[in-house]
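Coordinates in review
Here is what each chain is made of, one letter per residue.
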Amino acid sequence: MSYENALKKIIKDGKSATVGDVTALLGADAKKRSLLYELADSVRSDFMGDEVHVRGIIEFSSFCSENCLYCGLRAGNRVLQRYRMEPGEIIAAARDAAGVGIKTIVLQSGQDVYYTADVLARIVSEIKSSLDVAVTLSLGLRPRGDLEVFRKAGADRYLLKHETADPVLFAWLRPGTTLKERLNCIYTLKELGYQVGSGNMVGLPGQTIVTLARDIVLLRDLKVEMAGIGPFVPNPDTPLGNSVGGDVEATLTVLAVARLLLPRLHLPATTSLGTIHKQGRRMALKCGANVIMPNVTPLQYRRNYAIYPGKAGRELEPGANVREIQYLLEDMGRRMGEGYGHSPDYMA
Ligand code: SF4
């Protein structure tokens, strides 16, 4: 299908778009890409408004039992200094973030069974009962029973990126795991009533624009409420340390096409994009993004949560982080969301 016909079809009815249609858009030349960005910005404005939802991430444990080839937290990385935050520290960090106006707390860690379901449920329950915030969990794969316990404790959302829709690439990147089991976990999360976030990396070794088109179509078919789409950033302490990373234009194009296909999806301007380009988050907010996720982990821990090096905003306290975001949004004629920023589809 030609670019023009694919664009017409996706704008008219994203539900019927095929991988071929999406691939036609992802292959756009520079002039057509600019048009895609403008269209995505206007679709974002029409469907999601001008509010940008701020989700504060607390990275509470850098221990991980897995060995993903691209990730600095992989168990095989002996260089990284590991840490675990105590439950009281996690709750205090959530309180600090809520104190500067953040309405969603994201509790994120490597896959770390040190924290039992009961311990995590108590943390979630304490945050939900004492602070006026939504809670997102990003803990990797956990058994259904644990996910049930977290949901009962008050967790609103769960973030589990599918990373790549190519099952062979997935199995290579994440040894010992399969795309199928990750997708099954996403189905379980949906059944349990979570708002679910997924997402993928752009620029992985061996990835093509057809793979990326499959990523976007998969996000649609999973009916997720949020998708984190960011560039692959190589970490020198991993087996993929010498690979070429994802680039800005490719990432913005995937983001913009995702917005066109999925007008009511929450799409973050990812920290990884802000890491590979100083203006990365601003550019993403002009290409369909409507969420920013600043790091609100206590400063003494941040450098040891090194999925990739040089994370944007790494050394800012929560208040300074929020102020910087507010300046950016004011400059762009946008504003920080004052509510929880739940998914409009979920609320409907
Ligand atoms: S991507 Fe997640 S599961 Fe894989 S090594 Fe990193 S933290 Fe662990």
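The preceding data block contains the structure.
A brief look at the structure comes next. (Residues numbered from 1 in each chain as written. Predicted model: local features only at pLDDT ≥ 70, side-chain atom pairs only at ≥ 80, totals over all residues. Heavy atoms only, no water.)

**Considering unusual backbone geometry**
Leaving glycine out, the prevailing phi sign among residues is negative, and the prevailing peptide bond configuration is trans. Of note, the phi angle at E163 is positive, near 70°, even though the residue is not glycine. The phi torsion at K223 lies on the positive side, around 55°, for a residue other than glycine.

**Some thoughts on the pattern of salt bridges**
Should their charged atoms come close, side chains of opposite charge can pair. Operational definition: Every case where a carboxyl oxygen of Asp or Glu lies within 4 Å of a side-chain nitrogen of Lys or Arg is listed as a salt bridge. Counting from the N terminus, the helices are the DSSP runs of H or I reaching at least four residues and the strands are the DSSP runs of E reaching at least two. Residue burial is assigned from relative accessible area. The probe radius is 1.4 Å, only protein chains are included, and a residue is buried under 20% of its type maximum, exposed over 50%, and partly exposed in between.
Within this structure, the stated rule accounts for 18 salt bridges. Between R174 and E163 there is a salt bridge, with the nearest N and O atoms lying 4.0 Å from each other. A residue pair is termed long-range when its members are at least 10 positions apart, and R174 in the loop between α7 (167-173) and α8 (179-191) and E163 in the loop between β4 (157-159) and α7 qualify at eleven residues. E163 shares its class with R174; the two are buried.

**Quick word on the pairing of strand β5 (residues 195-202)**
Using the following cut-off: Here the rule is simple: two strands pair whenever DSSP picks up at least two bridges between them. Here a crossover is taken to be right-handed if, once the strands point away from the viewer, the path from the first strand over the helix to the second is traced clockwise.
Within β5, eight of the eight residues are buried, which leaves the element mostly enclosed by the surrounding structure. Here β5 shows two buried faces, one formed by Q195, G197, G199 and M201 and the other by V196, S198, N200 and V202. Of the strand pairs in this sheet, β4 and β5 are connected by three bridges, and their pairing is parallel. The partner of Y158 across the bridge, within β5, is V196. Note: β5 against strand β6 (residues 226-231), six bridges, orientation parallel. Bridging across to β6, V202 finds its partner in P231. Traced from β5 through helix α9 (residues 209-222) to β6, the parallel crossover comes out right-handed.

**Comments concerning the packing of helix α5 (residues 117-130) against helix α6 (residues 144-153)**
This is how the line gets drawn: To get an axis, fit a line to the C-alpha atoms, keeping to the stretch in contact for a helix; angles then go from 0 to 180 degrees between the N-to-C directions. Angles are sorted into four bins: roughly parallel if under 35 degrees, roughly antiparallel if over 145, roughly perpendicular if 65 to 115, and oblique for all others. In this scheme, a crossing is called left-handed if the near helix is turned counterclockwise away from the far one by less than a right angle; it is called right-handed if the turn is clockwise. The contact criterion used throughout is that any non-hydrogen atoms of two residues lie within 4.5 Å. Nonpolar residues are Ala, Val, Leu, Ile, Met, Phe, Trp, Tyr, Cys and Pro. Charged residues are Asp, Glu, Lys and Arg, and all others, Gly as well, are polar.
Viewed as axis vectors pointing N to C, α5 and α6 meet at an angle of 20°, and their least axial separation amounts to 8 Å. Judged on the interaxial angle alone, α6 and α5 are roughly parallel. The interaxial crossing formed by α5 with α6 has right-handed handedness. Of the residues in α6, those touching α5 at A117, L120, A121, V124, S125 and K128 are D146, V149, F150 and A153. Of the residues that constitute the contact of α5 with α6, the class distribution is seven nonpolar, one polar and two charged.

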